[in-house]
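Listed below are the residues making up each chain.
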Amino acid sequence: VGVGYFKQKFGIQRPFDFEETGGITTNLLYHTKYYAYHNIHYSVGIGYCKPLNKKYSGNFLAVYNFFNTYKQEFDNGGYTSVFYGNPQVRKEKYAFGNSVVLQAGLSRHLYKRFGIGLDVLLPIFNKWRKDAIFREDTNEFYGSNLSIGTSFNFIYQLN
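Since the model is a prediction, treat every value here as computed from it, not as a measurement.

(A) Layout of the pattern of salt bridges. The final tally for this structure, using the stated rule, is 5 salt bridges. The salt bridge involving D17 is made with R135; its shortest N-O contact spans 3.1 Å. One end of the pair, D17, is in the loop between β1 (2-10) and β2 (18-19); the other, R135, is in the loop between β8 (114-129) and β9 (141-142), and 118 residues separate them in sequence. A residue is classified by how much of its surface remains accessible, and D17, at 13% relative accessible area, is buried. A relative accessible area of 55% places R135 in the exposed class. Among the salt bridges present, the one from E92 reaches R90, with a minimum N-O distance of 3.8 Å.

(B) Main features of the environment of Y37. Here Y37 lies in strand β4 (residues 34-51). On a C-alpha basis, the gap between Y37 and Y70 in space is 7.8 Å, while along the polypeptide they are 33 residues apart. At 2.7 Å, the side chain of Y37 and the side chain of D131 are in polar contact.

(C) Region of the structure containing the nonpolar core. In this structure, F10, F16, Y35, Y37, F74, F96 and F134 are the most contacted members of the largest nonpolar core, which totals 13 residues. Counting only elements with at least two residues in this core, the list comes to β4, β5 (56-75) and β7 (94-111).

(D) Region of the structure containing the packing of aromatic side chains. What the rule picks out here adds up to 17 aromatic pairs. Taking 6.1 Å as the distance between ring centres and 25 degrees as the angle between the ring planes, the aromatic pair formed by F16 and F74 counts as stacked. Of the two residues, F16 is situated in the loop between β1 and β2 and F74 in strand β5; the sequence distance between them amounts to 58 residues. The pair formed by F16 and F74 is uniform in burial state, with each residue classed as buried. Ring-pair connections join several aromatic residues into one group, and the members of that group are F6, F10, F16, Y35, Y37, F67, F74, F96, W128, F134 and Y142. The ring of Y34 is capped by K9, whose NZ or CZ atom sits 4.3 Å from the centre of that ring. Here the basic side chain of R14 rests over the ring of F134, its NZ or CZ set 3.9 Å away from the ring centre.

(E) Main features of the environment of I116. By secondary structure assignment, the location of I116 is in strand β8. Taking the C-alpha atoms as reference, I116 lies 8.8 Å from Y156; in sequence the two are 40 residues apart. Sequence-distant contacts of I116, that is, excluding residues within four places in its chain, are made with L106, S107, R108, L110, F152, N153, F154 and I155.

(F) Just the pairing of β7, in detail. Note: β5 against β7, 14 bridges, orientation antiparallel. Counterpart to V63 in the pairing with β7 is V101. Relative to β8, β7 runs antiparallel, the two sharing 14 bridges. The residue bridging S99 from the neighbouring strand is N126, located in β8. Between β7 and β8, which pair antiparallel and follow one another directly, the connecting turn spans 2 residues, one of which, K112, has a positive phi of 45 degrees.

Criteria and thresholds
- Residues numbered from 1 in each chain as written.
- Predicted model: local features only at pLDDT ≥ 70, side-chain atom pairs only at ≥ 80, totals over all residues.
- Heavy atoms only, no water.
- Salt bridge = Lys/Arg side-chain N within 4 Å of Asp/Glu carboxyl O.
- Helix = DSSP H or I, 4+ residues; strand = E, 2+ residues; numbered from the N terminus.
- Buried < 20%, exposed > 50% of the residue type's maximum accessible area, 1.4 Å probe, protein only.
- Polar contact = N/O pair within 3.5 Å; in protein donor to acceptor, adjacent residues only side chain to side chain.
- Core = buried A, V, L, I, M, F, W, Y, C linked by side-chain atoms within 4.5 Å.
- Phe/Tyr/Trp six-rings, centres within 6.5 Å; stacked < 30°, edge-to-face > 60°.
- Lys NZ or Arg CZ within 6 Å of the ring centre and 35° of its normal.
- Contact = heavy atoms within 4.5 Å.
- Pairing = 2+ DSSP bridges.

So this is what it looks like as structure tokens:
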């Protein structure tokens, strides 16, 4: 079980409703260079830890993740609004998505019940909420076909 921070960044160019000076929104001639969602990340999983020696262990896990966004960034790569800046930042809170991830890695015991770890993550299921800033229905979701990531972990062992 875990709680943490997760930033999902999309390096996709697509038209969006950039808020210009005076609060006018338009997607004419504006497109994202990237956009990102900052999330509180909740996870629950099951795994196996194989001790390699007194300090190191190999870890294999299947994890369900839930992402609740609290800040969104939309960078257009050029024009900066006097009032809204670039990237345009929105601070809405909502359920952004969820995923199922297989991960494998190495952890090192540091002191008593504390340790650190580094894992490679292979998402096998991703579901992200669509965004009204792209003129999409926010009740719909989309998923990615392939992604990979890494995770740096601070570990506290209960037993």
